[in-house]
Amino acid sequence: MGIRGELYTTQVLLDNRSYFFNVKENRTGDVFLQVVESKKGDGADFDRHQIAVFAEDMQKFLAGLDESLKFIEKDRRAKAKARAEKKAAKEAKYGKGADSDDKKLRYRKRGDNERNPNDGIKRTGKVIHIVSKREKTETEE
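Residues numbered from 1 in each chain as written. Predicted model: local features only at pLDDT ≥ 70, side-chain atom pairs only at ≥ 80, totals over all residues. Heavy atoms only, no water.

Caption draft 1: Broad picture of the overall build of the protein. Broken down by element type, the protein carries one helix and six strands. Taking all 141 residues of the protein together, the buried fraction comes to 13%. The contacts of the protein with a sequence gap of at least 6 include a subset with a gap of at least 24, amounting to 13%. Of the roughly 12,200 Å² of accessible surface on the protein, 51% is carried by carbon and sulfur atoms. (Helix = DSSP H or I, 4+ residues; strand = E, 2+ residues; numbered from the N terminus. Buried < 20%, exposed > 50% of the residue type's maximum accessible area, 1.4 Å probe, protein only. Contact = heavy atoms within 4.5 Å. Areas by Shrake-Rupley, 256 points an atom, 1.4 Å probe, with all protein chains shown as cover.)

This is how it looks when you write it as structure tokens:
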């Protein structure tokens with residue numbers, strides 16, 4: 001047994017924080033898991049937070065952790081599916097890739113006298129408004 005009742009310790013290092021999983025035994029012989037989060041604070045000090053889970057509560061703790069992990073995975077999959085559907089809808093509406101003419105912005109340089117009414121540029125007075133992602137009208141198709 002270690003100096004502070006430590007039976008086993010493992011460390012997980014991340015970019016901005018560390019986690020320590022310590023299996024300890026207290027003075028009365030009860031074995032528990034201590035989870036410590038340590039992250040660099042202001043200056044040279046560290047912020048430390050810890051929880052202790054005793055052996056008799058470990059199964060309930062792990063069941064709750066497992067349910068939380070299942071929810072996170074389900075939520076991640078739902079968000080990925082929603083992103084894929086949104087992307088597919090966008091591609092169906094505007095076309096796919098950089099080859100689509102609807103996605104290209106068209107600019108006119110000063111002094112250009114060519115005015116094509118179907119070039120995607122909306123002209124109002126001296127200001128030129130660029131229209132992007134517009135839907136094709138029947139005359140353009």
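Caption draft 2: Summary view of the pattern of salt bridges. Counted under the stated rule, the structure contains five salt bridges. With a closest N to O distance of 2.4 Å, Glu73 and Arg76 form a salt bridge. Of this pair, Glu73 and Arg76 both sit in helix H1 (residues 58–94), separated by three residues, roughly a single helical turn. Since its relative accessible area comes to 29%, Glu73 is described here as partly exposed. Judged by its relative accessible area of 46%, Arg76 falls in the partly exposed class. With a shortest N-O distance of 3.5 Å, Asp75 and Lys79 are connected by a salt bridge. Here Lys79 and Asp75 lie together in helix H1, a separation of four residues that amounts to about one turn. Each of Glu73, Arg76 and Arg77 takes part in one network of salt bridges that share partners. (Salt bridge = Lys/Arg side-chain N within 4 Å of Asp/Glu carboxyl O.)

Caption draft 3: Structural context of a nonpolar patch on the surface. On the surface, Ile51, Phe61, Leu62, Leu65, Leu69, Phe71 and Ile72 cluster together into a nonpolar patch covering about 660 Å² of accessible area. In terms of residue count, the dominant contributor to the nonpolar patch is H1 (six residues). Here Phe61 shows up in helix H1. (Patch = residues over 30% accessible without salt bridge, like charges linked within 9 Å, V, L, I, M, F, W, Y side chains within 5 Å.)

Caption draft 4: Here's a closer look at the packing of aromatic side chains. As enumerated under the stated definition, the model contains one aromatic pair in all. With 5.2 Å between their ring centres and 45° between their planes, Phe32 and Phe54 make a pair best called tilted. Placement of the pair is Phe32 in strand E3 (residues 31–40) and Phe54 in strand E4 (residues 46–54), with a sequence separation of 22 residues. Taking relative accessible area as the criterion, Phe32 reaches 14% and is therefore assigned buried. For Phe54, a relative accessible area of 30% puts it in the partly exposed group. (Phe/Tyr/Trp six-rings, centres within 6.5 Å; stacked < 30°, edge-to-face > 60°.)

Caption draft 5: Quick look at the pairing of E4. Where E3 and E4 come together, nine bridges link them in antiparallel fashion. Across the sheet, residue Ser38 finds its bridge partner in E4, namely Arg48. In textbook terms, the turn of a hairpin is the stretch between consecutive antiparallel strands, and for E3 and E4 this stretch comprises five residues, one of which, Gly43, has a positive phi near 75°. (Pairing = 2+ DSSP bridges.)

Caption draft 6: Geometry of the environment of Leu13. Among the secondary structure elements, Leu13 is positioned in strand E1 (residues 6–13). Sequence separation between Leu13 and Ser38 is 25 residues, and the spatial gap between their C-alpha atoms is 9.8 Å.

Caption draft 7: Broad picture of the side chain of Asn22. Its place among the elements puts Asn22 in strand E2 (residues 17–25). Asn22 gets classed as buried once you look at its relative accessible area, which sits at 7%. Only 3.2 Å separates the side chain of Asn22 from the side chain of Thr9, close enough to count as a polar contact. Residues in contact with Asn22, not counting those within four places in the same chain, are Tyr8, Thr9, Phe32, Leu33, Gln34 and Val36. (Polar contact = N/O pair within 3.5 Å; in protein donor to acceptor, adjacent residues only side chain to side chain.)

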